Amino acid sequence: MPEINYSQAINDALREEMRRDPSVITLGEDVALIGGNFGVTKGLLDEFGGERVKDTPISEDAIVGVSLGAAMVGLKPVPEIMFSTFLGICMDQLLNQVSAIRYMSGGQVDIPLVIRTTNSLGRSGGAQHSGRPEAWLMHMPGIKIVIPSTPYDAKGLLKTAIREPDPVVFFEHALLYYGAKGEVPNEEYTIPLGVADIKRPGTDVTIVAYSMMVPKALKAAEILAADGIEAEVVDPRTLVPLDMETILNSVKKTQHLIVASEEVASAGVCAEIAFQVARDAFDYLDAPVERVAAANVHVPFSPPLEKYMMPKVEDIVAAAKRTLQ
């Protein structure tokens, strides 16, 4: 299998789905002429033309609204919202329209819409470009959430998402685009939503991590292994639907849990997973659940301050040693 980066895997998934299904289109700020802010859609305009690959005005509200309308009449739009913080600009569309129309129509109207967007903590983008708003979307029934950490997962999950009748928000990570490489098959494959992946087996402590926290969790697991602690790293890959069965089975085996995320610590994905484990596997836990997340502050522009507030490999290592004590 060839080894490609995360960005190329997403590009390949889009290209293959656009070749397979002429109703698949993509649109957004700079996705056509320059191939996207991070080069993810490069080459699509040349192959599929301006009717299917469209640059848009700088209006996230319009991008999502137009895409929703296109989905309702039979197209399969894959719009790009350049940074995930900008989802706040189109919140009315997401909350009151995208998430609700299939339900309000009694299932008569499918919404085959995939909104691609980028988390970018760690690039000195400041507060307005460094959001991690995946927990917002978990509060909206009707929207599925995909957040892969590897090129293999990114390609297989994006292809599945494009074929979904429900709206999907597909979170990517700017530091993974060219920082994550892996083997990806040339042949056709998809990955079902709601199926977690055990990135590293272990027996002593479970680390649930997703997106950019997966490579950090794997590095922490290597450090812990040198001290004789075998950590199991579980990547949910999708947050809605969430594969709690795999997480619970791992916790029942290791009897210790760390949940790691780049989001701010309060009221987020970590809290939801910790609650479900406490409810459904309380008798198996030998210690309280540990949470590793970002500080409850806006993201500073200063690189040293940003690094200070971000969750780090050493934070996961310290959490593992606390829970095992």
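One can find the structure itself at the top, above this paragraph.
Residues numbered from 1 in each chain as written. Predicted model: local features only at pLDDT ≥ 70, side-chain atom pairs only at ≥ 80, totals over all residues. Heavy atoms only, no water.

(A) Up close: the environment of Arg123. With respect to the element layout, Arg123 can be found in the loop between β5 (114–119) and α6 (134–138). Considering only alpha carbons, one finds Arg123 and Glu29, 94 residues apart in sequence, at a separation of 20 Å. (Helix = DSSP H or I, 4+ residues; strand = E, 2+ residues; numbered from the N terminus.)

(B) Region of the structure containing the side chain of Thr26. Relative to the assigned elements, Thr26 resides in strand β2 (residues 24–28). Residues contacting Thr26, with those up to four places away along its chain left out, are Val31, Leu44, Arg52, Val53, Lys54 and Val78. (Contact = heavy atoms within 4.5 Å.)

(C) A look at the packing of aromatic side chains. In total, this model carries five aromatic pairs according to the counting rule given. Ring centres 5.6 Å apart and planes at 80 degrees place the aromatic pair Phe83 and Phe86 in the edge-to-face group. Phe83 sits in the buried class, given a relative accessible area of 8%. Overall, Phe86 belongs to the buried group, its relative accessible area being 15%. Arranged with centres 4.6 Å apart and planes meeting at 10 degrees, the rings of Tyr152 and Tyr189 form a pair that is stacked. (Phe/Tyr/Trp six-rings, centres within 6.5 Å; stacked < 30°, edge-to-face > 60°. Buried < 20%, exposed > 50% of the residue type's maximum accessible area, 1.4 Å probe, protein only.)

(D) A look at the pattern of salt bridges. Applying the stated criterion across every chain, the model contains 26 salt bridges. For Glu172, the salt bridge goes to Arg116, with nearest N and O atoms at 2.6 Å. One end of the pair, Glu172, is in strand β7 (residues 168–173); the other, Arg116, is in strand β5, and 56 residues separate them in sequence. For the pair shown, Glu172 and Arg116 are each scored as buried. A salt bridge links Asp197 to Lys199; its shortest N-O distance comes to 2.9 Å. On the basis of relative accessible area, Asp197 is assigned to the partly exposed category, the value being 26%. One connected set of salt bridges, linked through shared partners, spans Glu16, Glu17, Arg20, Lys155, Lys159, Arg163 and Glu188. (Salt bridge = Lys/Arg side-chain N within 4 Å of Asp/Glu carboxyl O.)

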